[in-house]
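Each chain, letter by letter, is given below.
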Amino acid sequence: MPNSPDVVVIGGGIIGCSTAYQLVKRGMKVTVIERESVGCEASGVATGMISVMSIEDPGPFLDLARASFELYKTLAPELRDASGIDFYYGEASWLDLAFTEEEEEANRKAMSWKKDLVPRVTWLSDDDIRRVESRVSAQARSGVFFEGLAQVDAYRLTLAFTKAAESLGVVIRYAEATGLTTSGDRISGVATSTGDVGCDAVVLAMGAWSGLIEPWIGMPVPVEPLKGQILKLRAPGPPLVGNLHLGSFYVTPKLDGSILAGGYDSKVGFDKRARDEGTYRILGEVARICPPMQDAVLVEESTGLRPLTPDMIPILGPVPGLEGAFIATGHQRKGITLAAMTGKVMAQVVSGQDTELPIEAFSLARFGNGARIKGDE
Ligand SMILES: Cc1cc2nc3c(=O)[nH]c(=O)nc-3n(C[C@H](O)[C@H](O)[C@H](O)COP(=O)(O)OP(=O)(O)OC[C@H]3O[C@@H](n4cnc5c(N)ncnc54)[C@H](O)[C@@H]3O)c2cc1C
């Protein structure tokens, strides 16, 4: 049909919006279908660290994350100009603290591989810590200080991808996608709560809900939600020196002057309710890490569902056996970091170009027909 898009992207999170932006830049006619609002799920609540430092094993996943980290250096100003939205892209630091001998040993081991992933890494004694950030608890016996990472406001970055994409002609349609329409083994459109949309190609970027498309494509997509709870705080005094970490808990300064704190995760399906237990636990850990923070004011609490795969590696590329169908999901804790390069390689594969990085390792086919996610909590 003359007015039909070439490509429909299902899901207005950061992965869908980044892909839509890169597709329209390649001359494709694109519609994004989002059931609620752009950035309303994980992409809108994420802490916004851009870093590769949690990826221990060399390989395609680390290469993708590194390439994405680098790409933001040119993409961030491009998006800011195209959208007019400041998403507070800037430098970030990270301080892994140890209060016990075991934590110190774990930090020492992690430093041995993390030092190759981060521009500047320094081992800090207890005295050094107080020099770097005087508000850290006296219980801290050592720390590892990582400098040269990056950060954004994740919600504003998602909006910037969207607005930049819209300025080039992408249409955002607010509806729930309910299935795919096909002609033989080819995609012919997307069925939605407000009618069918014809297209030649579809990109499935539905985050934690990606597992629900099994009946649409006739094969399992092993993605499960991992809920993360996050608090926005305000506190007097100058910004903290960086993201202060103890175990899974953290408190981090943002470039808009707010402070985010989190580290309380749970596997409870699609239940997005914030739990009091999580709120108290995060506030307690924040005060333990940084005692002056006990006077911080709780401004907002949110939760987000991260899309997890069994091997913790994203799923990117064509859907096997269904021509014109592509999938981009499973970015777990790293979707903001990975969004820049994910959008680019997805747009390349959909428009038939060679991808800048090999993406075979991310194929949905790697799970065969029945992978299940191991319960780890
Ligand atoms: C607390 C927390 C902190 C995090 N911190 C970081 C961080 O510091 N750095 C980092 O790199 N990553 C971080 N992440 C991870 C990151 O947020 C996710 O990996 C990323 O947002 C996933 O993006 P997405 O677009 O795949 O999913 P989502 O943002 O969840 O978007 C999916 C979209 O699809 C839509 N959708 C689903 N089904 C349908 C349908 N049938 N029809 C239409 N629309 C549909 C949803 O409404 C949603 O808008 C964090 C996550 C959480 C929860």
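Thresholds, definitions, all that
- Sequence order as written defines residue numbering, which begins from 1 separately in each chain.
- Predicted model: local features are reported for residues with pLDDT of at least 70 only, side-chain atom pairs are reported and counted for 80 or more only, and whole-chain, interface and lining totals are derived from all residues.
- Working from all heavy atoms in the structure, the side-chain values ignore hydrogens and water.
- Note that the domain bounds were set by an automatic or database domain assignment.
- The buried area of a pairing is the accessible area, by a 1.4 Å probe, that goes missing from both parts when the two are put together, added over both.
- Salt bridge, as used here, is a side-chain nitrogen of Lys or Arg placed within 4 Å of a carboxyl oxygen of Asp or Glu.
- The secondary structure listing takes helices from DSSP runs of H or I that are at least 4 residues long and strands from runs of E that are at least 2 residues long, numbered from the N terminus.
- Pairing of N or O atoms within 3.5 Å defines a polar contact, subject to two protein rules: one partner must be a possible hydrogen donor and the other a possible acceptor, and residues neighboring in sequence count only if both atoms are side-chain atoms.
- By definition, residues are in contact when any of their heavy atoms lie within 4.5 Å.
- The rule for a residue being near a molecule or strand is that one of its heavy atoms must lie within 4 Å of it.
- Computed with a 1.4 Å probe, the accessible areas rest on the Shrake-Rupley method; for each residue, only the protein chains presented here act as cover.
- Whether a residue is buried, partly exposed or exposed follows from its accessible area with a 1.4 Å probe, protein chains only, as a fraction of its type maximum: under 20%, in between, or over 50%, in that order.
- Any two strands with at least two DSSP bridges between them are considered paired.
- Between the N-to-C directions of two axes lies an angle of 0 to 180 degrees, each axis being a line fitted to C-alpha atoms and, for a helix, fitted only over the stretch in contact.
- An angle counts as roughly parallel when it lies under 35 degrees, as roughly antiparallel when it exceeds 145, as roughly perpendicular when it falls between 65 and 115, and as oblique in every other case.
- Note on residue classes: Ala, Val, Leu, Ile, Met, Phe, Trp, Tyr, Cys and Pro are nonpolar, Asp, Glu, Lys and Arg are charged, and everything else, Gly too, is polar.
- Two helices crossing with the near one rotated counterclockwise from the far one by less than a right angle form a left-handed crossing, whereas a clockwise rotation gives a right-handed crossing.

Caption draft 1: Quick look at the domain arrangement of the protein chain. What the domain assignment lists for the protein chain is domain 1 (7-84 + 154-223 + 310-367) and domain 2 (92-149 + 225-308). Inter-centroid distance (C-alpha atoms) of domain 1 to domain 2 is 29 Å. Note on domain 1 versus domain 2: buried area summed over both sides is about 2,300 Å², and carbon and sulfur give 67% of it. Among the residues of domain 1 in contact with domain 2, Thr47, Met49 and Met53 are the three that bury the most area, contributing 31% of the side total. Counting every contact that joins domain 1 to domain 2 gives two salt bridges.

Caption draft 2: Structural view of the side chain of Ser43. Along the chain, Ser43 falls in helix α2 (residues 42-45). A polar contact of 2.9 Å, which involves the side chain of Ser43, links it to the backbone nitrogen of Ile14. Once residues within four sequence positions are removed from consideration, Ser43 is found in contact with Gly13, Ile14, Ala154, Tyr155, Thr158 and Ile336.

Caption draft 3: Structural view of the site of the ligand. Contacts to the ligand come from 33 residues, most closely from Glu34, Ser43, Gln332, Arg333 and Thr337. Between an oxygen atom of the ligand and a side-chain N or O atom of Ser43, the distance comes to 2.5 Å. In this structure, an oxygen atom belonging to the ligand sits 2.8 Å away from a main-chain N or O atom of Thr337. Calculation on the ligand without its partners gives an accessible area of 1,000 Å², and the protein chains cover 97% of this total.

Caption draft 4: Molecular detail of the pairing of strand β15 (residues 259-266). Most of β15 is tucked away, with eight of its eight residues classed as buried. Bridge count for strand β14 (residues 249-253) against β15 is four bridges, and the pairing is antiparallel. By the bridge assignment for β15, Thr252 is matched with Leu260. Where β14 folds back on β15, the antiparallel hairpin that results is connected by five residues, among which Gly257 adopts a positive phi of roughly 95°.

Caption draft 5: Structural detail: the sheet that holds strand β8 (residues 177-183). Pairing is antiparallel across the open sheet formed by three strands, whose spatial order is β8-β9-β10. Each having just a single partner strand, β8 and β10 (195-198) make up the two edges of the open sheet. For this sheet the average axis-to-axis angle between neighbouring strands, irrespective of direction, equals 30°. Relative to strand β9 (residues 186-192), β8 runs antiparallel, the two being bridged by six bridges. When the sheet's bridge partners are listed, Gly179 is paired in β9 with Ala191.

Caption draft 6: The pairing of β14, seen in detail. With five of five residues buried, β14 lies mostly within the body of the structure. Burial along β14 is two-sided: Phe249, Val251 and Pro253 and Tyr250 and Thr252, pointing in opposite directions, are all buried. The antiparallel hairpin formed by strand β13 (residues 243-246) and β14 contains two residues in its connecting segment, where Gly247 sits at a positive phi of about 60°.

Caption draft 7: Looking closely at the packing of helix α1 (residues 14-25) against helix α3 (residues 60-83). For the pair α1 and α3, the least separation of the axes is 14 Å and the interaxial angle reads 80°. Considering their axes alone, α1 and α3 lie roughly perpendicular with respect to each other. Taken together, the residues of α3 that come into contact with α1 (itself represented by Tyr21, Gln22 and Lys25) are Leu75, Glu78 and Leu79. When the residues that make up the contact of α1 with α3 are grouped by side-chain class, the tally is three nonpolar, one polar and two charged.

Caption draft 8: The sheet that holds strand β11 (residues 201-204), seen in detail. Strand order in the open sheet made by the six strands is β7-β2-β1-β11-β18-β17, with mixed pairing throughout. Either end of the sheet is taken by a strand with one partner, and the two such strands are β7 (171-174) and β17 (315-318). Neighbour-to-neighbour, the strand axes of the sheet open up by a mean angle of 20°, direction not taken into account. Here strand β1 (residues 7-10) pairs with strand β2 (residues 30-34) via four bridges, running parallel. Looking at the pairing, Val9 lines up with Val32 of β2.

Caption draft 9: Seen up close, the packing of α1 against helix α6 (residues 154-167). Two elements in contact, α1 and α6, have axes whose closest approach is 8 Å; the angle formed by their N-to-C orientations is 30°. Judged by the inter-axis angle, α1 sits roughly parallel to α6. The handedness of the crossing between α1 and α6 comes out as left-handed. Every residue of α6 that contacts α1 at Ile14, Cys17, Ser18, Ala20, Tyr21 and Val24 is listed here: Leu157, Thr158, Phe161, Thr162, Ala164 and Ala165. Tallied by class, the residues present in the contact of α1 with α6 amount to nine nonpolar, three polar and no charged.

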